[in-house]
Amino acid sequence: MGFQSPLLISGTNPENPFTGYISEILAMEGYFCVEEHDLSKAPLTFDVLKDRPLTILSNVSLDEEEIETLKSYVEGGGNLIASRPPLELADLFGVKPVTGHYNLARDCYIVINDKEPLMEGFPAESLQFKGDSEVYEPKETRVLAWLSAVPSKHPNYVAVALRSYGCGRAALFSYDLGETVVTLHQGVPENASNGPCANADRSGMFKTTSLHIKVLDERQKMIPQADLHQDILVRLIRAMCDSTLPLMRVWHFPDKQPALAFINGDSDGMNLEDLTRILDLVEGYGARYTLYLMREHLPLITPKVLERLKRRGHGLGVHPWAGPRPSFKEMDEEITSITKGFKEHFGFSACSTRTHSIIWVGWVESAKYMAKNRLKMDTSFAPGRCYQEGFICGSGLPFKFMDRDGRLIDLYEQATLETDDGSFTSKTLFPPLTQEEAAAHSLDLIDKCVNKYHCVYHPYFHPLNIREEVFGTYRLEKVLEKLKELNVRTVNDEEWIKFNEARRALKVQIVEAGSGRVTYSVKASKTIEDVTFMFPPQWGNARIAHVRVDGRDSKLSLVNWEGGLEWALINLTLREGCEVCITCEYSEAR
């Protein structure tokens, strides 16, 4: 078959507004060459699918003709990945629907089939999924993950499967990937400040942690579950396309880094001596720090202090406080007021925030108020009541929020993974940790972020709390030592946001493919430094030999990331408006 760009089939689903989040998942994973076909605007025809090396079907309804079109596409050599597809496609995936009663499951688990070669090295044994799933029995298929009510054992039901069909292949998620990832990220509206289960964590406040009560299994909190659901999608794309058209990705982090660190804290109760102490400590290890300022601490940052912060690569954001149980109006006004005050004081706008006491109103209303005030990143989703530490949002990557109507909100969440007050007090309902215990937890988490999950290690350390009479510096020093030992780059809020905005703004197109060569056009709408492009090192029986940028050889690095997947990497710096041709050449060994 010839080659066009991969295709995402989208549309509207009145029962599931989050089906469209798959486009955000593909952006998070750096697949920027995927085109989209919206069924609400035009039907699915064979001409739409012709020569597509890969088609991804979101959780939308199809008519009989469209179902037959998809079957013919796969039978003729196409590759299909489907997220909770119509039951009429079950034969395509080699599964049999359970009929009658017990034909659906909701909010359960997938158990990874580690006997399946495609899942070898996968960095988790089980993951929660959210929403409904059809219950399927396997017929003629490779089961990559099983459906189960518990995270350990499993019955003989299919959650993720892959099958050869005719000359093509078809892969199935029995649950909707979009709904699962959104729910793991954002929790549920029922637990929001205006929901029937407001104050679900019984803290007496409207906190972000409430959104995840009875959503996140506490046993799974140290696993970035949403990120790993996405990693299953990446494995399927690799399994299907490495023999037909190996697809280039743009990696999460700059400069071939396996992970990054984002260290910050809030100004609660601090004085200038506290700030100086923590900056001196962080700078001693060559690291960067971001401070979230309450309104009363703006005057502490004099022009002289600001000059030091900027010269040493540190960041500043806002730390709104609208009270423990604010109304929508109160939160909106507070975010507007503090961002305005910040700009008046410094002459430039804040780009990130963490709310004081991680207060949050509505399900996504706080996110909307932040975006309205041109904040680009929030860090308020953090461990708290019932969750002392971990991936509360199921993610260590920056993700965007989705509203209940399926629209994306222009705000990243970079979830906080560890907190100083949460570790050393009993406010989370966990026993306080000793300094040594807390440091050991941090070092283990850093190792997992860098070597296992490839995500952002993100703790907060308040300047006030490193006073010797409070919590001291021991844990922070051990963290900084470990990051330096592993050569993990630390970023401030502004540079991390700029990188993500420029990465998302890249325009990637497949120009030509064939005869052991794939050429991409990459256009940068914004300047991006040290962006890492990733290539599958194998194309059928051929091995990657060269990657050329505008005809010039680029230095290749080979890595094994994401549970042992091999990738070939190059680095580029692209200026605003720059367009380059990247050609990847493969040759068979002689």
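Residues numbered from 1 in each chain as written. Predicted model: local features only at pLDDT ≥ 70, side-chain atom pairs only at ≥ 80, totals over all residues. Heavy atoms only, no water.

K.L.:
I would appreciate a short explanation of the overall build of the chain in the present structure.
P.N.:
Across its full length, the chain carries 14 helices and 34 strands. Relative to a compact globule of 590 residues, whose C-alpha radius of gyration would be 25 Å, the chain shows 24 Å and is just as compact. In terms of overall dimensions, the chain has C-alpha extents of about 70 × 60 × 45 Å along its principal axes. The burial tally for the chain puts 62% of its 590 residues in the buried class. The contacts in the chain between residues at least 6 apart in sequence include a share of 77% that link residues at least 24 apart. Taking the average place of the 66 positive charges on the side chains of the chain and the average place of its 82 negative ones, the gap between the two points comes to 3 Å. (Helix = DSSP H or I, 4+ residues; strand = E, 2+ residues; numbered from the N terminus. Rg over C-alpha atoms; globule rule 2.2 N^0.38 Å. Buried < 20%, exposed > 50% of the residue type's maximum accessible area, 1.4 Å probe, protein only. Contact = heavy atoms within 4.5 Å. Lys, Arg positive; Asp, Glu negative; His and termini not counted. Charge placed at Lys NZ, Arg CZ, Asp CG, Glu CD.)

K.L.:
What exactly am I supposed to notice about the sheet that holds strand 32 (residues 557-561) here?
P.N.:
Ordered in space as 14-28-33-32, the four strands form an open sheet in which the pairing is antiparallel. Strands at the two margins of the open sheet, each flanked by one partner only, are strand 14 (249-250) and strand 32. Relative to strand 33 (residues 565-574), strand 32 is paired through five bridges, and the arrangement is antiparallel. Bridge pairing links W561 to L565 in strand 33. (Pairing = 2+ DSSP bridges.)

K.L.:
Even after reading the chapter, I still don't get the environment of A439, so can you show me in this structure?
P.N.:
The topology assignment puts A439 in helix 12 (residues 435-453). Given a relative accessible area of 4%, A439 falls into the buried group. For the pair A439 and T180, spaced 259 residues apart in the sequence, the C-alpha separation amounts to 32 Å.

K.L.:
What exactly am I supposed to notice about unusual backbone geometry here?
P.N.:
Generally, phi is negative for residues other than glycine and the peptide bonds are trans, each holding for most cases. You will see that H454, though not glycine, has its phi angle at about 55 degrees, which is positive. With respect to the helices, strands and loops of the structure, H454 is situated in the loop between helix 12 and strand 24 (456-457). Unlike most non-glycine residues, D530 shows phi in positive territory, near 55 degrees. In this fold, D530 is placed in strand 28 (residues 528-535). Taking relative accessible area as the criterion, D530 reaches 28% and is therefore assigned partly exposed.

K.L.:
So what exactly am I meant to see when it comes to the packing of aromatic side chains here?
P.N.:
Two descriptors summarise a pair of aromatic rings, namely the distance from one centre to the other and the angle between the planes of the rings. This model, assessed by the stated rule, comprises 17 aromatic pairs. An angle of 55 degrees between the planes, with centres 5.7 Å apart, marks the rings of F18 and W363 as tilted. With a gap of 345 residues between them, F18 in the loop between strand 1 (7-10) and helix 1 (22-28) and W363 in the loop between strand 19 (352-353) and helix 10 (365-372) connect regions that are remote in the sequence. Residue W363 is classed as buried on the basis of its relative accessible area, which comes to 1%. Arranged with centres 5.8 Å apart and planes meeting at 55 degrees, the rings of F381 and F401 form a pair that is tilted. Pair noted here: F381 is in the loop between strand 20 (377-378) and strand 21 (399-402) and F401 is in strand 21, with a separation of 20 residues, a long-range link. Note on F381: relative accessible area 1%, which makes it buried. The structure contains a cluster of three or more aromatic residues connected by ring pairs, namely W251, F253, W496, F499 and W561. The aromatic ring of W567 is capped on one face by R238, whose charged end is 4.4 Å from the ring centroid. The positively charged end of K400 is found above the aromatic ring belonging to Y412, 5.0 Å away from the centroid. (Phe/Tyr/Trp six-rings, centres within 6.5 Å; stacked < 30°, edge-to-face > 60°. Lys NZ or Arg CZ within 6 Å of the ring centre and 35° of its normal.)

K.L.:
Sorry, what's going on with the pattern of salt bridges here?
P.N.:
A side chain with one charge may pair with a side chain of the opposite charge, provided their charged atoms come close. Applying the stated criterion across every chain yields a total of 45 salt bridges. Its salt-bridge partner being E585, residue R517 comes within 3.4 Å of it at the nearest N-O pair. On the criterion of sequence distance, the pair formed by R517 in strand 27 (residues 517-523) and E585 in strand 34 (residues 579-587) is long-range, its members being 68 residues apart. A salt bridge links E585 to R548, with the shortest nitrogen-to-oxygen separation between them at 2.6 Å. One end of the pair, E585, is in strand 34; the other, R548, is in strand 30 (residues 542-549), with 37 residues separating them in the sequence. Bridged by salt links that share partners, the residues K376, K400, D410, E501 and K526 form one connected network. (Salt bridge = Lys/Arg side-chain N within 4 Å of Asp/Glu carboxyl O.)

K.L.:
Sorry if this is basic, but what is going on with the state of the cysteines here?
P.N.:
Simply put, disulfide is the name for a covalent bond between the sulfur atoms of two cysteines. Applying the stated criterion across every chain, the model contains zero disulfides. No disulfide involves C386; its sulfur sits 14 Å from the nearest other cysteine sulfur, which is in C197. (Disulfide = S-S within 2.5 Å.)

K.L.:
Just to check I follow, could you spell out the pairing of strand 28 for this structure?
P.N.:
In the case of a regular strand, side chains alternate between the two sheet surfaces. The buried count for strand 28 comes to six of eight residues, which makes it a mostly enclosed element. Note that strand 14 and strand 28 share two bridges and pair antiparallel. Among the inter-strand pairings, V250 is bridged to a residue of strand 28, identified as F533. Strand direction decides the pairing type here: strand 28 and strand 33, joined by six bridges, are antiparallel. Bridge pairing in strand 33 places T532 opposite N571.

K.L.:
Would you explain the packing of helix 12 against helix 13 (residues 474-485) in this entry?
P.N.:
When two helices pack together, their arrangement is given by the angle between their axes and by how far apart the axes lie. Contact pair helix 12 / helix 13: the axes reach a minimum separation of 9 Å and the direction vectors enclose 25 degrees. Comparing their axes, helix 13 and helix 12 come out roughly parallel. The handedness of the crossing between helix 12 and helix 13 is right-handed. Only Y474, R475, K478, V479, K482 and L483 of helix 13 make contact with helix 12, whose side of the interface consists of Q435, E436, A438, A439, S442, L443 and I446. (Axes fitted to C-alpha atoms, helices over the stretch in contact; angles between N-to-C directions. Parallel < 35°, antiparallel > 145°, perpendicular 65-115°, else oblique. Left-handed = near helix turned anticlockwise from the far one by under 90°.)

Honestly, it's all geometry; don't read function into it.
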